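Chain by chain, the residues run as shown.
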Amino acid sequence: MKLDVTTLGTFYRMAREGAGLAAGRLTRMTGVETQVGITKLNFMRGREIRHDFEDGSEKVGVRVELSGGLEGHSVIVFDRKSALRIVEMLIAESDVDSFDEMSRSAATEVGQVMNSGFIDGWADVLETAIDVSTPSFIEGQTADPFFGDIDATPDDDDLALLFQSQIEAVGTEIGFSHYLFPERESMATLLERLRTNDGIEYDKLDGFDRMAEQGAEEVAKTATTLTGIETSVEIRRLNFVSLEAIPESVADERLVGVAFEFDGTPSGYLLFLFDEDSAHEIVDAMVPMEIETEGEGFGEMGESAIKELGNIMASGFLDGWANVLDTTIDHSPPEFIHDIGPAAVDPVIIQLGETQEFAFVFDTNVVADGREFDCDIYAIPDETDLERALNDLEIDKIDETPTTATFEDVENA
Amino acid sequence: MKTYGTEPGIPEPVQVGISELVVSEGDDTLKSYGLGSCLAVALYDPETDIGGLAHVMLPDGDAADNSDIKPGKYADTAIRALLRRMVERGASYTAVEAKIAGGSDMFQFESFGEGVGQRNTEAAKAELEKLGVPLIAEDVGGKHGRTVEFTPETGKLIVRTADGEHGVTEL
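Nothing here was measured: the structure is a model prediction, and the numbers come from that model.

For chain B, the helix and strand inventory stands at two helices and 10 strands. Listing the helices and strands of chain B from first to last along the sequence gives β-β-β-β-β-α-β-α-β-β-β-β. Its C-alpha radius of gyration of 16 Å places chain B within 12% of the 16 Å reference for a compact globule of 171 residues. Projecting the C-alpha coordinates of chain B onto the three principal axes gives extents of approximately 55 × 35 × 30 Å. Sequence-distant contacts, at least 24 apart, represent 63% of the contacts inside chain B between residues at least 6 apart. Carbon and sulfur atoms provide 48% of the accessible area of chain B, an area that totals close to 7400 Å².

We now examine the overall build of chain A. In terms of helices and strands, chain A carries 14 helices and 16 strands. Here the C-alpha atoms of chain A give a radius of gyration of 22 Å, agreeing with the 22 Å that 2.2 N^0.38 yields for 413 residues. Oriented by its inertia axes, the alpha-carbon framework of chain A measures out at about 65 × 50 × 35 Å. Taken over 413 residues, chain A has a buried fraction of 57%. Within chain A, counting contacts between residues at least 6 apart in sequence, those at least 24 apart form 77% of the total. Just so you have it, chain A exposes about 16500 Å², and 41% of that area is on carbon and sulfur atoms. The average position of the 28 basic charges and that of the 88 acidic charges among the side chains of chain A differ by 5 Å.

Residues and elements named next belong to chain B. Taken in spatial order, the five strands make up an open sheet running β2-β5-β4-β6-β7, and their pairing is mixed. A single partner strand is all that each edge strand has here, and the edge strands are β2 (21-25) and β7 (135-140). Strand-to-strand twist of the sheet, defined as the mean angle between neighbouring strand axes without regard to direction, takes the value 15°. Pairing analysis gives seven bridges linking strand β4 (residues 39-45) to strand β5 (residues 50-56), with the strands arranged antiparallel.

Attention now goes to the nonpolar core. Grouped together as the largest cluster of nonpolar side chains are 149 residues, with contacts concentrated most on A:F11 and A:F43. Tallying contributions element by element places helix α10 (residues 299-325) of chain A first for this core, with 12 residues. Contacts of A:F11, omitting those with residues within four sequence positions, involve A:L41, A:L126, A:L161, A:F163, A:M187, A:L190, A:L191 and A:L194. With 23 residues, the next largest nonpolar core counts B:V41, B:A75, B:A78 and B:L82 among its residues.

All names here are of chain A. Taken across its 11 residues, strand β7 (residues 159-169) has nine buried, putting it largely inside the fold. The sheet contact formed by β7 and strand β8 (residues 175-182) spans six bridges and is antiparallel. Its bridge partner lying in β8, S165 is registered against H178.

It is worth spelling out the interface of chain A and chain B at this point. When the parts come together, some accessible area is lost, and that loss is often what is quoted as the size of the interface. Each partner contributes residues to the interface: chain A has 40 residues there, and chain B has 40 residues. Of the roughly 3200 Å² buried between chain A and chain B on both sides combined, carbon and sulfur atoms contribute 60%. When residues of chain A are sorted by the area they lose upon contact with chain B, A:E244, A:E335 and A:I350 head the list and together hold 18% of the total. Counting every contact that joins chain A to chain B gives two salt bridges. Here B:R119 and A:E354 are joined by a salt bridge, their closest N and O atoms 3.7 Å apart. Taken together, the links from chain A to chain B amount to 14 residue pairs in polar contact (both at pLDDT 80 or more).

Right, let's get into the packing of aromatic side chains. Overall, the coordinates contain 25 aromatic pairs over all chains when judged by the stated rule. Ring centres of B:F107 and B:F109 lie 5.2 Å apart, and the angle between their planes is 25°; this geometry places the pair in the stacked category. The same class applies to B:F107 and to B:F109, which are both buried. Put simply, the rings of A:Y12, A:F43, A:Y202, A:F240, A:F358 and A:F360 touch in pairs and so form one group of aromatic residues. Geometry around A:F53 places A:K59 over its ring, the cationic atom sitting 5.0 Å from the centre.

Residues and elements named next belong to chain A. Per the counting criterion, the structure on display carries four cavities of 30 Å³ or more. As a volume, the second largest cavity reaches approximately 70 Å³. Those elements that place two or more of their residues in the lining of the second largest cavity are β2 (34-45), β10 (231-242), α8 (245-248) and β15 (358-368). Counted by class, the lining of the second largest cavity contains six nonpolar, two polar and two charged residues.

Attention now moves to the sheet that holds strand β1 (residues 14-15) of chain B. Residue and element names in this part refer to chain B. The sheet built from five strands is open, its strands ordered β1-β3-β8-β9-β10 with mixed pairing. On the outer flanks of this sheet lie β1 and β10 (168-170), each paired with one strand and no other. Direction of pairing for strand β9 (residues 156-160) relative to β10: antiparallel, over a ladder of three bridges. Within the sheet, the bridge partner assigned to I158 lies in β10 and is E170.

All names here are of chain A. In this model helix α3 (residues 80-91) runs 17 Å from its N-terminal to its C-terminal C-alpha over 12 residues, within 8% of the 16 Å that 1.5 Å per residue would give. On its buried side, α3 packs onto α1 (5-30), β3 (59-68), β4 (72-79), α4 (101-126) and β8. Directly after α3, the chain includes A92, whose backbone phi takes a positive value near 50°.

A low pLDDT score tells you not to read the predicted coordinates there in detail. Residues with a pLDDT of 70 or more make up 93% of chain B, whose mean pLDDT is 89. When the criterion is pLDDT under 50, residues 1-8 of chain B qualifies, and its contacts beyond four places in sequence or with other chains add up to 13 contacts.

All names here are of chain A. Residue P266 follows T265 across a cis peptide bond; omega there is 0°. Mapped onto the elements, P266 comes out in the loop between β11 (254-264) and β12 (268-275). Phi is positive for D326, close to 60°, though the residue is something other than glycine. In this structure, D326 sits in the loop between α10 and β13 (329-331). Of the residues examined, D326 reaches a relative accessible area of 61% and is grouped as exposed.

Below, the discussion takes up the confidence of the model for chain A. A residue-level look at chain A finds 92% of positions with pLDDT of 70 or above and a mean pLDDT of 83. Per-element averaging of pLDDT across chain A places helix α14 (residues 408-412) of chain A at the bottom with 40 and β11(A) at the top with 94.

Turning to helix α12 (residues 383-392) of chain A, a few remarks are in order. Within α12(A) the residues assigned to the buried category are A:E383, A:D385, A:L386, A:E387, A:A389 and A:L390. Among the residues of α12(A), the N-terminal cap falls to A:D382, whose side-chain oxygen and the backbone nitrogen of A:T384 are separated by 3.2 Å.

What counts, and where the lines are drawn
Residues numbered from 1 in each chain as written. Chains lettered and ligands numbered in written order. Predicted model: local features only at pLDDT ≥ 70, side-chain atom pairs only at ≥ 80, totals over all residues. Heavy atoms only, no water. Helix = DSSP H or I, 4+ residues; strand = E, 2+ residues; numbered from the N terminus. Rg over C-alpha atoms; globule rule 2.2 N^0.38 Å. Contact = heavy atoms within 4.5 Å. Areas by Shrake-Rupley, 256 points an atom, 1.4 Å probe, with all protein chains shown as cover. Buried < 20%, exposed > 50% of the residue type's maximum accessible area, 1.4 Å probe, protein only. Lys, Arg positive; Asp, Glu negative; His and termini not counted. Charge placed at Lys NZ, Arg CZ, Asp CG, Glu CD. Pairing = 2+ DSSP bridges. Axes fitted to C-alpha atoms, helices over the stretch in contact; angles between N-to-C directions. Core = buried A, V, L, I, M, F, W, Y, C linked by side-chain atoms within 4.5 Å. Buried area = accessible area lost by both parts, 1.4 Å probe. Salt bridge = Lys/Arg side-chain N within 4 Å of Asp/Glu carboxyl O. Polar contact = N/O pair within 3.5 Å; in protein donor to acceptor, adjacent residues only side chain to side chain. Phe/Tyr/Trp six-rings, centres within 6.5 Å; stacked < 30°, edge-to-face > 60°. Lys NZ or Arg CZ within 6 Å of the ring centre and 35° of its normal. 1 Å grid on protein atoms, 1.4 Å probe; cavity = no way out; pocket = protein on both sides within 12 Å on 5 of 7 lines; lining within 4 Å. Points joined across faces, edges and corners; volume = space filled by probe spheres on them. Nonpolar A, V, L, I, M, F, W, Y, C, P; charged D, E, K, R; others polar. Expected span 1.5 Å × (residues − 1). pLDDT = per-residue confidence, 0-100.

Put into structure tokens, the structure is as follows:
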């Protein structure tokens, strides 16, 4: 199975189109104004999908099986409260707090209308017919009842292509997610049909992602060594998104970041973003004395501590890539930023936007148990470079290449 | 019980995302948040209260393939599309005025050349000049992000920054 960027772009448009239709139908059905949130193509491992899904909240889902032009499962997932509110609107009853037969069937109907919105959108873009099974209604807190019995959902270590979209009702708390798990075979056929150039061997992407996973682990270890704060990788995924979606997925609040450009095969940009509390915690942990800060800033020493941490994390992260790709990747000195989140990201997508429309984003979240440490890592390689690097990658090498934990930098720091 | 639907009285600002443009009139508020090197271009006709906001990402649409599908992505095509849609809605071309904000250059990366933000600002100014639309106010450049809100009725472009130093500016 081979991927090429043009085809992934088509898939992306298909997901957007589907989300738009689904949102429109929800509005027509309930009278609530809706808007489409972020749409992503995720390459995620089974473990990550489950982890991401299981945020402790009760959920309700409506699932259908697809056949014909696209095979797989399409699942609309609401949090339970959102589903109950929608049901209240539909059956004009107040305070619905559990699902009886009537509310269950109302919820299923909404889910079904949404599912068919998505599916009609895909069928349009793919110019094919997709058949849909009767919907089933699911309640639960874990991923299991929703995805557990689907063959197409990946095992813990398998990388799956997953389509995710969000729709929100304007001015309300109602929001929900949509997942599409395509069958691998069906996906391969589609990819083959749509592919316009040689593209990337899927197994290479999978292999590279496994390495990137180790790179992320390295970053967490480095952070622990430098700050004494016990950190771990919370969530990690490889996204394929339109460039515009990248800053839009960053919190619209003041963040602290360290940014790099890297140069080699591949070249691109790397950003570490912390919320303000985490940044303060890091400065406290790394700078032994009380530091004078002006106003709400971090002071010169605070800034340089954060830059230093970023610098070493960047080396760890990129060394991992360079090792498996057997190339060298150099990175620039760190640039410190303390500003509105999206503003820190848009310069990067603007520069990439001169030559590409979409990007693979290696998106990682590192957190600490019981302490404030929340770091979002965005690694955004230049598309052509990444494609070339992956094509040169020897697949056998991935399992042989050891994880590189180089803490010499730390000693020299 | 909480009511859903469009609640009267509290109009939510209309979000103008990256590469989007929105034309409106009256007291509708158009908002773009977290502009770094992106540029917000606001055009309005003070006589008819018709105006629009574009959240521009790149300078040159004439050189790109997809600028007809996504005119809002590029400074030149966004300005032309805003102007055309405003005129279609009843604005008078010769009365239209422009305000811009954004176009910062927060990173000094080698690959960025003279600055990605600066390129956007220059392209917007050149296009406005070409079309004869007067640029009556600007808050561009620097090393900080901006969030903007624009109301066609008043022509006011409110620019907020995250740091205390620059605060809130009204253009």
